[in-house]
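# Notes for the structure review
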Amino acid sequence: MKNRTFFWFILPTLSAMVLFIALPIVSVFIQSLHIEHEQVLVVSESCGPFGCSETTAVDAAATEALREAQPLGRFNGLKTYTNRSHLAFAEVAEAWRTTDSFLAFLNRMFNLPFYKALLFTMAYTAIVTPCVLVLGLAVATGVNNLPKLLKGPTIFFSLLPMIVTPLVGALILFWMVDGDGIIGNSLQSLFDDPSLSLKASPALTWMMLMVYGVWHSLPFSFIVFYAGLQTQPKDTMEAAMIDGATTWQRMRYVTIPHLMPLVTFVTLIQLMDNFRVFEPVVSFQAQAHAPTLSWIIYNDLRESGNPLYGSAGATSMMTIIGVAILLMPVLIRTWRDYTRKAAH
Amino acid sequence: MFLKKIAITGAVAGLMGSAAFAEGHGAMCGPEGQSIRILASDFPAIHAVVDQGEANCGAAASEFARNHTTEARQIMNAALTPNPAEYTSVILANSTLTQLMNDDLVRPLNDLVEKYSDNVKPNQLITIGGDVMAVAFMANAQHLFVRQDILKQAGVTKVPETYDELLAAAEAIRAAGIMEHPLVMNMQVGWNIGESFNLVFLAHGGEFFKPGTAEPTVNSEAGVAALETLKKLVEYAHPDYLTQASNETQGLWEAGQAALGIMWGSRGAAILDDEGSTPEVTGSTVLAKAPSVEPGGIPGATLWWDGITISRNVSDEEAEATFAALVSGMTPEMVAANNDDAVWLLDGFTPGPAAAGVAATAQGGAKPYPMIPQIGIMHNALGNELVDFLKGAESAEQALADVEAAYTTAAKEAGFLQ
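Here goes a summary of the coordinates provided. Starting from 1, residues in each chain are numbered consecutively following that chain's sequence as written. Each chain takes a letter, starting from A, and each ligand takes a number, starting from 1, following the order in which they are written. Only residues with pLDDT of 70 or above have their local features reported here, since the model is predicted, and side-chain atom pairs are shown and tallied only from 80 upward, although totals for entire chains, interfaces and linings are computed over all residues. For the side-chain quantities, the full set of heavy atoms in the structure was used; hydrogens and water were omitted.

All names here are of chain B. With respect to the secondary-structure elements, Thr96 resides in helix H5 (residues 94-102). Two N or O atoms form a polar contact when they lie within 3.5 Å of each other; inside protein one atom must be a possible hydrogen donor and the other a possible acceptor, and for residues adjacent in sequence the pair counts only when both atoms belong to side chains. A polar side-chain atom of Thr96 sits 3.0 Å from the main-chain amide nitrogen of Ala93. In what follows, residue pairs with any heavy atoms lying within 4.5 Å of each other are defined as contacts. Setting aside chain neighbours within four positions, we find Thr96 in contact with Arg73 and Met76. In this description a helix means any DSSP run of H or I spanning at least four residues, a strand means any run of E spanning at least two, and both kinds are numbered starting from the N terminus.

Shown next as structure tokens:
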């Protein structure tokens, strides 16, 4: 295709992307460099049905004047990025100086909100992504070898986790693992421990979220691999059989190389999705043990009554950078494959 | 004092008889042909007030629109910012009033209160720095719920009044083998756990901030003592307590799985009614004063009110029509028809068993939930940082230091600290 033609084809998409993705990201970045104006506090007396007390209130007129003068807020540079809620340079340095063992240092570091969330987000991504890939391939191969009659229903049931709304799916599981739910209660009687709670222990919460993550994403990788298997050339497979390759060898040396572009695709999508994991944390109310970067953004914007746009912006930018770093190896690999092919 | 006031007004309303009284109070609507638009939370008592206001003055208005949503807090600032605002009134509570006042979105009501003084009593007025900012109509607080039959069975003769007695009662029930986890509290991570800390903290005489400033003072003796108490309490709570809020605790209570509870007064009527539970549970449930540290000390509760505010960014006529319509709904008849839905601060209220806990707690000298502009940030920090301590992963001092550090970071960004 001529470059000129290509340009006209891509123009609508490109302009939509600039308008709705690139520019908002720039705006979020600019916002993350600013913090709110000083709130001018005045002491006043507050009275109500329960008596009077001395209290403070915001001097609205004075604060408004400051806001008019600088609508974006006060410029704070990168200080929001380095404060305690984010990279916490000062606190990490302090922890490094004052702790005597590396373990104690890590303990202090992962007590900081950003690192705590980063730890879980990374662990979640690192565990869920490969599980989804391997299990998805296994399910796809299994379904592919089923008799024709059973294929349709099996595919439908395998897709159910994706059809169920994530929030609802998570809630159902959440109620099942409750102390009075079927799974939670069975575990309690199995281990003969009435205090056993899947929701109270950090390790069990992590496991629960990851199992949910795999369950929820599995249909996606399954259906992609299943589609890939349908395009597998029969003659290569027959040749391998005639050469005496076992089932496992056929899988390893014929099927998987054939599916490799799809593996890359699923990996890319899964890395992105898992790094931004959010719904299960909310539905499992797991933010105490397993906060994620997305959950921090949500909390900054929603919970305190004063939305912290700067903080939320900074965490968003770092999430974007995190995703970019994670995708880098896969992207480089794809680029190499592409240039190698182009050279042929 | 609180109880007496309620009792007297109840008696007065009873004596005067509803017909004559209603005539004297005949619905007084403001300017006609105005648009009245109300944003409110979604529970029966608020519906009752707005319904009555609509019945009285809806016909005189060109429009009477209402949006009842539990997400009111999340949308109200954005909805009131444009001029004209999306709503002429927001019905809100202590903590949410400051959220609107921080952005200067509600107007002082002094003139309106004077003009419509027939329907407004002085004890309903919320004044800040001399300006009336809201008119309250109901009160709420957390307090103790007990199952007397189970206490009796465990050999506990009196309703616990202090935290020590509460713990002793819980231990007695556990020791008697009746229940392993007799206590329920709203300890869901986030807002609820922060609020549970507030209760015990205030009971220990704690102060959140250095007076007149936004500097945190929760990492104090009172803070540590409060956390220690809280930790002892959760030993007797359901193992899933970190995920339980009002709906879950009420469910456990109605299922007969708890014998001691610290829950919202507004749940009292729902628990005592004949729906969702057995007569065995409802018949022996008693609502009592929130526990204190020492006998007769400050009850571990925060007093709340719900009330009406009027938007700043609407015309004076709309503001007046909205105010008049809403206060016209606060009549003894409305209260009589919905007596058990709330602890009303209005004429005609007859405190029943469902109101006993809130009344006793208020009378015992419980503190109101602080109306301070930066309290939301502190509450959020408490909600997120205390779990590690309760799970035994860090010391009380460390948890409170984390709270202060998280608060300070956020408060700096919001402009409250420099």
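Another aspect to go through is the interface of chain B and chain A. Taken together, the 60 residues of chain B in the interface contact 52 residues of chain A. Each partner contributes to the roughly 4500 Å² buried at the junction of chain B and chain A, and carbon and sulfur atoms together form 50% of this total. Between Lys or Arg on one side and Asp or Glu on the other, a salt bridge is scored when a side-chain nitrogen of the former is within 4 Å of a carboxyl oxygen of the latter. Between the two partners, chain B and chain A, sit 4 salt bridges. Taken together, the links from chain B to chain A amount to 14 residue pairs in polar contact (both at pLDDT 80 or more). Those elements giving two or more residues to the side of chain B that touches chain A turn out to be helix H4 (72-80), H5, strand S4 (125-128), strand S5 (131-140), strand S10 (302-310), helix H17 (375-385), helix H18 (387-390) and helix H19 (396-414) of chain B. Broken down by element, the residue count for the side of chain B that touches chain A peaks at 9 residues, all from H19(B). Tallied by class, the residues present in the side of chain B that touches chain A amount to 26 nonpolar, 22 polar and 12 charged. Buried area is calculated as the accessible area (1.4 Å probe) missing from two parts once they are joined, with the contributions of both summed. Gly is placed with the polar residues, together with every amino acid not listed as nonpolar (Ala, Val, Leu, Ile, Met, Phe, Trp, Tyr, Cys and Pro) or charged (Asp, Glu, Lys and Arg).

So, on to the environment of B:Gly33. Residues and elements named next belong to chain B. Examined against the element boundaries, Gly33 turns out to sit in the loop between helix H2 (18-24) and strand S1 (35-40). For every residue, the accessible area (1.4 Å probe, protein chains only) is compared with the maximum for its type, and the residue is labelled buried under 20%, exposed over 50%, or partly exposed between those bounds. Here Gly33 falls in the partly exposed class, since its relative accessible area comes to 45%. Considered as a pair, Gly33 and Ser62 are 29 residues apart in the sequence and their alpha carbons are 4.5 Å apart. If sequence neighbours within four positions are ignored, Gly33 has contacts with Ala60, Ala61 and Ser62.

What follows deals with helix H12 (residues 247-275) of chain A. The span one expects for a helix is its residue count, reduced by one, times 1.5 Å. Compared with the 42 Å implied by 1.5 Å per residue over 29 residues, the 35 Å span of H12(A) between its first and last C-alpha is markedly short. Two axes define the bend at a residue: one fitted to the seven residues ending there, one fitted to the seven starting there, and the bend is the angle between them. Remark: the principal bend of H12(A), roughly 55 degrees, maps to A:Met260, with a proline, A:Pro261, within the next four residues.

Attention now goes to the state of the cysteines. All names here are of chain B. Whenever a pair of cysteine sulfur atoms sits within 2.5 Å, that pair is classed as a disulfide. Counting across every chain of the model gives 2 disulfides over all chains. Through a disulfide, Cys29 is tied to Cys57; the S-S separation comes to 2.0 Å. Between Cys29 and Cys57, the S-S torsion sits near -90 degrees, and that sign places the bridge as left-handed. Linking Cys29 in the loop between H2 and S1 with Cys57 in helix H3 (residues 44-57), this pair joins segments that are 28 residues apart in sequence.

All names here are of chain B. Pairing between two strands requires that DSSP report at least two bridges joining them. Strand order in the open sheet made by the 4 strands is S7-S8-S6-S9, with mixed pairing throughout. Each end of this open sheet is capped by a strand with a single partner; those strands are strand S7 (183-185) and strand S9 (285-288). When strand polarity is set aside, the average angle formed by the axes of neighbouring strands in this sheet is 25 degrees. Sheet topology note: the S7/strand S8 (residues 260-264) ladder contains 3 bridges and is parallel. Looking across to S8, one finds that Met185 is bridged to Ile262. All axes are obtained by fitting lines to C-alpha atoms, using only the stretch in contact for helices, and the reported angles, taken between N-to-C directions, cover 0 to 180 degrees.

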